[in-house]
Each structure stands twice: as structure tokens, then as C-alpha cells.
Amino acid sequence: PRIAIIVVAAGSGTRLGAGAPKALVGIGARSILHRALGNVFAAPSAQVVVVAPAGHEGEALTEARDAAPDRADLVTVVTGGASRQASVAAGLAALWGDVEIVLVHDAARALTPADVFERIVAAVAAGSAAVVPVLPVVDTLKRVSGGVVAGAVDRDELAAAQTPQGFRRDVLETAYRVADDEYTDDAALVAAAGHRVDTVRGDERAFKITTPADLERAARLVADGGE
Ligand code: C5P
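Residues numbered from 1 in each chain as written. Predicted model: local features only at pLDDT ≥ 70, side-chain atom pairs only at ≥ 80, totals over all residues.

Under an unreviewed UniProt entry, the name given to the chain is Bifunctional enzyme IspD/IspF, and the organism recorded is Microbacterium mangrovi. According to the UniProt record, the Cofactor (unreviewed entry) comment for the chain reads "a divalent metal cation". (UniProt positions renumbered as here; feature names shortened; annotations may be inferred.)

The following block contains the structure:
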């Protein structure tokens, strides 16, 4: 099946406080977007849609060409929207006609290894309509009300959801067409449209870079890997 990966990179990065759109902030010598695309291109795909911050489309294309010079013809750059959901919708509108499987990935999860992409693609190719990578929750969780512990939460029932999330194209497109609310991720939007969402194992390195501490962690991981 033909696979497209939509990489949403249009966030402002306010919480990172770097004074530039988050995807263009550096982890060491390379931008978050460059690092993310390096891993995206390591997985098999027919089309890569980069959803860029308005006014930064040219830089996004340069980063994509830099990350994979021989695969630049796979890349489509579109302008993002005001919310992540609007940005994914912009990416969906740019899909080529013959794409059957769509992965949606946060550029901010820049160090996500290629094998997570492979697990997601394998699950959709084997028949899942929707698949998300998850990790077990390690912290002890409490329900808190007004500053007081109101109860324990059974963490065996909980998981942390990551990206890339993978979908049958028709399922994701229809779910976006009928969505009448803002959802926290694509899996929630697709679940609201009535679909079962399956899971595969995520990866610690797929954490989302949100704060300066996350950026430091990413820089350390990249330095340890000799990059
Ligand atoms: O803001 P947050 O870190 O949750 O964003 C997750 C991903 O969604 C990031 O890769 C960010 O660039 C992207 N995003 C987007 N358009 C927005 C907001 C976020 O593409 N309007």
C-alpha cells in the first residue's frame, strides 16, 4: 500500500521560549524539523507532507531537502493552521490520490526511531483502521480535587499516547470531515467517529519536545549518539 506521512510542524513553540517557531529551533547543529524528517525518511513512504508555520514554508522545504537530498521529490509543503487539528486537516488536503495509509507525526517528537513508524505501518497494513504508539505510565497517579487527593488511579488501565499515529486514509479523512470539536489527538478524533483504535509499543525517544528541559534532553541524546 502507498503510505503518506504528514509531519505537523506549524506550532509556535511558545513554551520553548526560543523566539522562533519550534520546528526551526536547533537540537545541536540541526533543527527539530531536520531531525524529525531524518527519522521519517528512514521509514518507507511514498509522500511526506510537511505542515509548516505560515511564512516559513521555504525554510521547511530547505530542511526537507537537506534531511534527504535524494527523496526531495516525495515532499509536499503546506501552510499550517491555528490549531494542531487545523494543521493536520491542511496536510490531509494535500495527499496524493493513490495514498492508502496515512501516518500523522509531531515534528516535536523529533527523535522518534524509524522502527516505531514500521510498527504502525505494519498494523494498518494488517487491517487496523487506526493505531497509536503507547508507553506504560510509570508514575503513581492520583485523582486530585481542590488540592486534596480524591482517589487512586489504576495505572494498568492507562497509557501515554505518542506519534506517529497511523490510519486507513478513508477512515481519517471521513473522521476529519465529520469532526465538530477539537480533539487532543487524531486517535481521539477517529475514536469519536466510532472506530476502534489499536496500539503498538511506543518508544522513550518519541517524547515531545515542549519545554527548554525537553530540548536539553534531546540535545544530550543526540550528543551521546555522536551527532
Ligand atoms: O503544541 P504541541 O507541542 O502539542 O504540538 C504538537 C505538534 O503539532 C508539534 O509538532 C507542532 O508543530 C504541531 N502543531 C501544528 N500546528 C499548530 C499547533 C501545533 O502543526 N497550530
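The rest of the description comes next.
Chemist: If you had to explain the pairing of strand β8 (residues 142-145) to someone new, which residues and values would you point to?
Modeler: For β8 and strand β9 (residues 148-152), the ladder comprises 4 bridges, and the chain directions are antiparallel. Directly across from V144, in β9, lies its bridge partner V149. If you look at the hairpin formed by β8 and β9, you'll find 2 residues sitting between the two strands, and G146 has a positive phi there, around 60°. (Pairing = 2+ DSSP bridges. Helix = DSSP H or I, 4+ residues; strand = E, 2+ residues; numbered from the N terminus.)

Chemist: Could you give an account of the site of the ligand, with specific residues and numbers?
Modeler: Near the ligand you find 18 residues, and of these V8, A10, G11, S87 and A108 are the closest. Partitioning the shell around the ligand into residue classes produces 8 nonpolar, 6 polar and 4 charged. (Near = placed C-beta within 6 Å. Nonpolar A, V, L, I, M, F, W, Y, C, P; charged D, E, K, R; others polar.)

Chemist: So what's going on with the packing of helix α1 (residues 32-42) against helix α2 (residues 57-67)? Which residues, and what values?
Modeler: Viewed as axis vectors pointing N to C, α1 and α2 meet at an angle of 45°, and their least axial separation amounts to 9 Å. As judged from the angle between their axes, α1 and α2 are oblique. Every pair of crossing elements has a handedness; the one defined by α1 and α2 is right-handed. In this structure, α1 contributes L33, H34, L37, G38 and F41 to the contact, and α2 contributes A60, E63, A64, D66 and A67. (Axes fitted to C-alpha atoms, helices over the stretch in contact; angles between N-to-C directions. Parallel < 35°, antiparallel > 145°, perpendicular 65-115°, else oblique. Left-handed = near helix turned anticlockwise from the far one by under 90°. Contact = placed C-beta atoms within 7 Å.)

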